[in-house]
Amino acid sequence: MNFQYLLPFWFFHWCEGTGLGSMIQQSKWSFAVIETIHIMALAVLLGSFLIVDLRLFGLGMKKLTVAEVATQFGVTSWVSFIVMVATGIPMYLSEAVRLSTSSPFFYKMVFLCLALLFHLTVHRRATKSGGAGTGLAKIAASLSLVCWLAVALAGRAIAFL
Amino acid sequence: MHLADFFQWLNNLPFSVALREDDWPFPIIETFHILGLGLSVGVIVWLDLRLIGVTLKRQPVSQVVSQLEPWAIRGFAVMFLSGSLLFLAEPLKCYTAVSFRLKAIMLVLTGLNVWYFHSKVYPRVSEWDDAPVLPWQVKLVGYVSIFLWFGIIIAGRWTAYF
């Protein structure tokens, strides 16, 4: 499955024709620079999700409650999420036509939607209710890790498949 | 024997050729490398921010270190193992890439930074565990670590591109 089946072809061409898209295509360095920032934000984001999810499992940062850990790491993880989106969109614009036939990219977006949806519902409830090591907490933590790792894996696969 | 000959010899090993020329090993290993990066650098950045005094301020430094450091070390082990394999796949390319040399130097420097922290700074943690403003040596370790790790990511990405 890929986006070619879902969106009209002119859309992908329009993306690459935008000022940002064509500027990145014509520049030798900008894609590499943007991707480097994307990966730095990924490190910070995965790290903070890992810390919160480990806390839900009852591992690490035990002196703070689940809710405190989630709040402390929540703000900064949204900052890095915004950096990831802000660097991801220009990269997409610069190669929208190639990505229209890429199934890893399609699945990355699917997992991203699932991960976000899950994060804002079940995961948020688990961190707010505060219990660590409960059934809800463990399910929320493992599904969260699986979803975000799937986004990262599919993202990596875009470059190779 | 010149150093270049050693890299050439590594490059010609059947194991290296297989890693380089088969379709699957490199992407799979690199995926582990990037995930390991998320786990280790992601956690290390939080430790550094605590040392600088930006985050988790109500948590004593020793608690943050004792709870996060084991995960940083596990992530580093994943990165180091997968990174060694990536290096073995392309020894000659790494030898000639300036970015890889810079990366190797920065890795050694982070090692020295950790050694400095644990041998000279951290033993006296009880004096400043809860302090609102941490001694400059502690902050310095945090700044140096963040600076070096982001440098390592940049240099690593550059090795892949050019």
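Anything mentioned here points back to the structure above.
Treat the numbers as computed from the prediction; the structure is a model and nothing was measured. (Residues numbered from 1 in each chain as written. Chains lettered and ligands numbered in written order. Predicted model: local features only at pLDDT ≥ 70, side-chain atom pairs only at ≥ 80, totals over all residues. Heavy atoms only, no water.)

Asks: How should the packing of aromatic side chains be read in this particular structure?
Replies: Two aromatic rings are characterised by how far apart their centres lie and by the angle between their planes. All names here are of chain B. In total, this model carries 20 aromatic pairs over all chains according to the counting rule given. Here the aromatic cluster, defined as three or more aromatic residues joined through ring pairs, consists of Phe 6, Phe 7, Trp 9, Phe 87, Tyr 95 and Phe 100. Sitting above the plane of the Trp 71 ring, Arg 74 keeps its charged end 4.4 Å from the centroid. In this structure, Arg 101 packs its charged tip against the face of Tyr 95, placed 5.0 Å from the ring centre. (Phe/Tyr/Trp six-rings, centres within 6.5 Å; stacked < 30°, edge-to-face > 60°. Lys NZ or Arg CZ within 6 Å of the ring centre and 35° of its normal.)

Asks: Can you help me understand the packing of helix α2 (residues 14-21) of chain B against helix α4 (residues 61-89) of chain B in this one?
Replies: Geometrically, a packed helix pair is captured by the angle between its two axes and the distance between the axes. Residue and element names in this part refer to chain B. Where α2 meets α4, the axes come as close as 7 Å, and the angle between the chain directions of the two elements is 95°. The pairing of α2 with α4 is recorded here as roughly perpendicular in orientation. Note on element contacts: α4 touches α2 through Leu 85, Leu 88 and Ala 89, opposite Phe 15, Ser 16, Leu 19 and Arg 20. For the contact of α2 with α4, a count of residues per class yields 5 nonpolar, 1 polar and 1 charged. (Axes fitted to C-alpha atoms, helices over the stretch in contact; angles between N-to-C directions. Helix = DSSP H or I, 4+ residues; strand = E, 2+ residues; numbered from the N terminus. Parallel < 35°, antiparallel > 145°, perpendicular 65-115°, else oblique. Contact = heavy atoms within 4.5 Å. Nonpolar A, V, L, I, M, F, W, Y, C, P; charged D, E, K, R; others polar.)

Asks: Teacher, can you tell me more about the interface of chain B and chain A here?
Replies: Note: interface size is frequently given as the accessible area lost on complex formation between the parts. Between chain B and chain A, the contact holds 28 residues from the first and 34 residues from the second. In total, chain B and chain A occlude about 3,000 Å² of area from one another, counting both sides; carbon and sulfur atoms represent 79% of this. B:Glu30 is the salt-bridge partner of A:Arg156, the closest N and O atoms lying 2.7 Å from each other. Remark: the boundary between chain B and chain A carries 4 residue pairs in polar contact (both at pLDDT 80 or more). Contributions of two or more residues to the side of chain B that touches chain A are made by α3 (25-52), α4 and α7 (136-161) of chain B. In terms of residues, the side of chain B that touches chain A owes the most to one element, α3(B), which gives 13 residues. In terms of residue class, the side of chain B that touches chain A is built from 19 nonpolar, 6 polar and 3 charged. (Buried area = accessible area lost by both parts, 1.4 Å probe. Salt bridge = Lys/Arg side-chain N within 4 Å of Asp/Glu carboxyl O. Polar contact = N/O pair within 3.5 Å; in protein donor to acceptor, adjacent residues only side chain to side chain.)

Asks: I'm lost on empty space enclosed by the protein in this one. Help?
Replies: Applying the stated criterion across every chain, the model contains 1 cavity of 30 Å³ or more. Of the pockets and cavities examined, the largest cavity occupies roughly 40 Å³. If you trace the largest cavity, you find it lined by A:Ile51, A:Leu54, A:Leu59, A:Gly60, A:Met61, B:Gln67, B:Leu68 and B:Trp71. Elements that contribute at least two residues to the lining of the largest cavity include exactly α3 (30-57) of chain A together with α4 of chain B. (1 Å grid on protein atoms, 1.4 Å probe; cavity = no way out; pocket = protein on both sides within 12 Å on 5 of 7 lines; lining within 4 Å. Points joined across faces, edges and corners; volume = space filled by probe spheres on them.)

Asks: How do you make sense of the packing of helix α2 (residues 19-26) of chain A against helix α4 (residues 66-94) of chain A when you look at a structure like this?
Replies: Residue and element names in this part refer to chain A. Axis separation between α2 and α4 bottoms out at 7 Å; the angle between their running directions is 75°. Classed by the angle they form, the pair α2 and α4 counts as roughly perpendicular. Where α2 abuts α4, its residues Leu 20, Gly 21, Ile 24 and Gln 25 lie against Pro 90, Leu 93 and Ser 94. Here the contact of α2 with α4 is composed, by residue class, of 4 nonpolar, 3 polar and no charged.

Asks: Just checking my understanding: could you explain the state of the cysteines for this structure?
Replies: Evaluated as defined, the whole model comprises 0 disulfides over all chains. With no disulfide of its own, A:Cys15 lies closest to A:Cys113 among cysteine sulfurs, the gap being 16 Å. (Disulfide = S-S within 2.5 Å.)

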